[in-house]
There are 2 protein chains.
Amino acid sequence: MQTISDTIKVEKVKTSKIDKVDFNNLAFGKVLADHMMVCDYKNGAWETPKIVPYQPITLDPSAKIFHYGQSVFEGMKAYKDADNKVWLFRPLENQKRINISCKRLAIPEIPEDYFMEGLKALLKVDHKWIPTAEGSSLYIRPFVFASGNGFHASPADEYKFIIACAPSGSYFAGKVKVLIEEKYSRSANGGVGFAKAGGNYAGQFYPTQLAVEKGYNQVIWTDDNTHEYIEEAGAMNIFIRINDTLLTSPTSDRILDGITRKSLIEIAKDENIKVEVRPITVKEVIEASKNGSLKEMFGAGTAAVISPISTFGHKDQDYDLPELENSYASILKKRITDIQYNKAEDKFGWRYQVSI
Amino acid sequence: MQTISDTIKVEKVKTSKIDKVDFNNLAFGKVLADHMMVCDYKNGAWETPKIVPYQPITLDPSAKIFHYGQSVFEGMKAYKDADNKVWLFRPLENQKRINISCKRLAIPEIPEDYFMEGLKALLKVDHKWIPTAEGSSLYIRPFVFASGNGFHASPADEYKFIIACAPSGSYFAGKVKVLIEEKYSRSANGGVGFAKAGGNYAGQFYPTQLAVEKGYNQVIWTDDNTHEYIEEAGAMNIFIRINDTLLTSPTSDRILDGITRKSLIEIAKDENIKVEVRPITVKEVIEASKNGSLKEMFGAGTAAVISPISTFGHKDQDYDLPELENSYASILKKRITDIQYNKAEDKFGWRYQVSI
Ligand SMILES: Cc1ncc(COP(=O)(O)O)c(C=O)c1O
Ligand SMILES: Cc1ncc(COP(=O)(O)O)c(C=O)c1O
């Protein structure tokens, strides 16, 4: 039987750009690999994915992406181990989630094998771009956007699904100072906050700029109604350790169901750490900080992995977190990255090998 | 003194497409005029606008518009009167509003004269595209999007501001059946609902599709917290007449400050119609429908002008509006379109002539 992977056409670059890249000094998502996967939705169906040289996209000015923000994306990483084997981390979760996002944004869902086989075909041609320096990886960006035309505010009739890759270093340099938001919001009840929709990110930039002007790196979003509940950060879910209990907010239609988040919950339980998934109030976090029971806060996401928070601000007041030996953040980070880079046993079955 | 209008370069098309267009059977926003205005933001500044043939846009796949939905737009119309004079309606309101939107989306604001002079230069070359058939006009779409590159979730360093024009007929054909939403939401407190941000529209498509499947044309959004208050429709503000009073919701950070809405409030007052700008509950509208005091509901916006609503649905129940002679909708529509098409005195000073 012929599968989709047999029909994916591959057009290779004539000359690779790889020699021009300094793999020991990589920023995040700035240098792009040689190829990309492209899959078009036309006449009511997704066409067969193809691998082509990374190249510009040409669109009509009335393409709906420019006007109505109809787009979704994913963020994944490919890792290379000491034997040059290539690994993904729970890629089927990304495959499922992009379709959850697509559905909410009225974008036709992508066949499961188009996503996975398109991605594998791309890694096959570009695996040399996976960096091996400590903490670096190939950041993978699948994205889908409305390429169909017209000013009528309605879903497009054509879409492009692209996967591009960028060898990347760390997302944040060092510890992170966050501001707990009390005015602006990221998402609404019944809105698109649970989807990786482009518009969710643009809406965060201005409040984040205001926070950066005050000396913070990131905003921690609270519910739009009362601003009393901790939700998540720009591109990370949030974990809070009070005494020896690890807390994280339940996901909802306002909060992204992060793959790092749910993996860390399982690893923490495996480490016999007590985990509570429940609404967290700003008030209890401030009280815990005041009475010394607040031990750690960290963000968790594919791009930033685990990002320890050194300080949080709320209503013009800063609260510092203690510096701990053997923090949960460091234990969990070692466990998850050891699985990702194939340095330890994978009892959960999360690693996914890509043959190159 | 040299003004910006002296420095706008104009590159005309070799052959116009205008003869191929059937101006008596225009859809909405499908046929594009010959030229467009383009203004680039680079190296920290907006460059001089230029007029070029309408043409495709080429972008890197990592351009932030594809990933983070950083885009805003406006909607305006140009009208031609019996003497072939060209008119805009309150264009400075659009100019101000696009910058309100830009600011919230962390897009650099556009100099006032770049917007107005760019638009006027475009209409000078494309005024022949303004249709004159009853109810038609040249729909004008100014839009701005992030053209700068990179996967880091932060504002772009380059933007494109474009104005394109589409000769258009009516937005809706006939009366409109709306569904008052009880689950999904358009915007959050502290969010971007007041801005004409692309992402606000994409988020409405799926709930609107669900409503369309149930036989409605449009959704009327309610507040995301209780779904008890009427907010606005997809691209229209909402007016409700109970007995002889015209009600409309106050604008907020969740609701667009529509130019048609605020113009109609003034015209209604001038007609000695009692207007109340106050929160409107779904409950009072249903009660008014039941006791016969609900006389009219209509949407108001640049694209749809005034769109009378024939039926509204709520929780699986439909409520029909009566058919009235001399409805407020018809009185107000005549007043506002007579001003727009230069058929009546403009006591408010809203008309703006463009020399061609
Ligand atoms: C809003 C938001 N929250 C959380 C996350 C973390 O999710 P994941 O762990 O799947 O990368 C991301 C990034 O993907 C995100 O964009
Ligand atoms: C969400 C929304 N509400 C209301 C309106 C009506 O605003 P205006 O009358 O300025 O066109 C529009 C369209 O512009 C809109 O997009």
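Quick caveat, the model's predicted, so the values are computed rather than measured.

> Tell me about the overall build of chain A, residues and numbers included.
Along the backbone of chain A there are eight helices and 20 strands. Compactness check: chain A gives a C-alpha radius of gyration of 21 Å against a globular reference of 21 Å for 356 residues, within 12% of the reference. The 356 residues of chain A split such that 61% are buried. A total accessible area of about 14200 Å² is found for chain A, and carbon and sulfur atoms account for 46% of it.

> Would you mind going over the packing of helix α6 (residues 259–270) of chain B against helix α8 (residues 328–340) of chain B in detail, with residue names and values included?
Residue and element names in this part refer to chain B. Two elements in contact, α6 and α8, have axes whose closest approach is 10 Å; the angle formed by their N-to-C orientations is 110 degrees. Between α6 and α8, the angle is such that the two are roughly perpendicular. Crossing geometry of α6 relative to α8 is assigned as right-handed. Where α6 abuts α8, its residues Thr-260, Ser-263, Leu-264, Ile-267, Ala-268 and Asp-270 lie against Leu-332, Arg-335, Ile-336 and Ile-339.

> If you had to explain the UniProt feature "modified residue: N6-(pyridoxal phosphate)lysine" (unreviewed entry) in chain A to someone new, which residues and values would you point to?
Residues and elements named next belong to chain A. Mapped onto this numbering, the UniProt entry annotates "modified residue: N6-(pyridoxal phosphate)lysine" (unreviewed entry) at Lys-196. One can find Lys-196 in the loop between β11 (176–180) and α5 (198–213). Contacts of Lys-196, omitting those with residues within four sequence positions, involve Ser-71, Val-72, Phe-73, Glu-74, Gly-75, Arg-97, Ser-101, Tyr-201 and Leu-256.

> If you had to explain the domain arrangement of chain A to someone new, which residues and values would you point to?
All names here are of chain A. Each assigned domain of chain A is listed with its residue range as follows: domain 1 (4–168) and domain 2 (176–340). Computed from C-alpha atoms alone, the centre-to-centre distance between domain 1 and domain 2 is 28 Å. If you look at the interface, domain 1 gives 20 residues, while domain 2 gives 22 residues. Of the roughly 1800 Å² buried between domain 1 and domain 2, counting both surfaces, carbon and sulfur atoms make up 61%. In terms of surface lost to domain 2, no three residues of domain 1 exceed Phe-89, Arg-97 and Arg-104, which account for 34% of the buried area on that side. The tally of links between domain 1 and domain 2 comes to one salt bridge. Here Lys-262 makes a salt bridge to Glu-93, at a shortest N to O gap of 3.0 Å. There are 11 residue pairs in polar contact (both at pLDDT 80 or more) connecting domain 1 and domain 2. Considering only residue class, the side of domain 1 that touches domain 2 consists of 10 nonpolar, four polar and six charged.

> Break down the relation of the copies chain B and chain A for me, citing the residues and quoting the values.
Mapping chain B onto chain A calls for a screw motion: a turn of 180 degrees about the axis and a shift of 0.0 Å along it, with 0.0 Å RMSD after fitting. Here the transformation between the copies is reduced to the relation of a two-fold axis. Of the residues that chain B buries at the interface, 100% are likewise interface residues in chain A, meaning the two copies contact each other through the same surface.

Cut-offs and rules
- Residues numbered from 1 in each chain as written.
- Chains lettered and ligands numbered in written order.
- Predicted model: local features only at pLDDT ≥ 70, side-chain atom pairs only at ≥ 80, totals over all residues.
- Heavy atoms only, no water.
- Helix = DSSP H or I, 4+ residues; strand = E, 2+ residues; numbered from the N terminus.
- Rg over C-alpha atoms; globule rule 2.2 N^0.38 Å.
- Buried < 20%, exposed > 50% of the residue type's maximum accessible area, 1.4 Å probe, protein only.
- Areas by Shrake-Rupley, 256 points an atom, 1.4 Å probe, with all protein chains shown as cover.
- Axes fitted to C-alpha atoms, helices over the stretch in contact; angles between N-to-C directions.
- Parallel < 35°, antiparallel > 145°, perpendicular 65-115°, else oblique.
- Left-handed = near helix turned anticlockwise from the far one by under 90°.
- Contact = heavy atoms within 4.5 Å.
- UniProt positions renumbered as here; feature names shortened; annotations may be inferred.
- Domains from an automatic or database assignment.
- Buried area = accessible area lost by both parts, 1.4 Å probe.
- Salt bridge = Lys/Arg side-chain N within 4 Å of Asp/Glu carboxyl O.
- Polar contact = N/O pair within 3.5 Å; in protein donor to acceptor, adjacent residues only side chain to side chain.
- Nonpolar A, V, L, I, M, F, W, Y, C, P; charged D, E, K, R; others polar.
- Least-squares fit on C-alpha atoms with pLDDT ≥ 70 in both.

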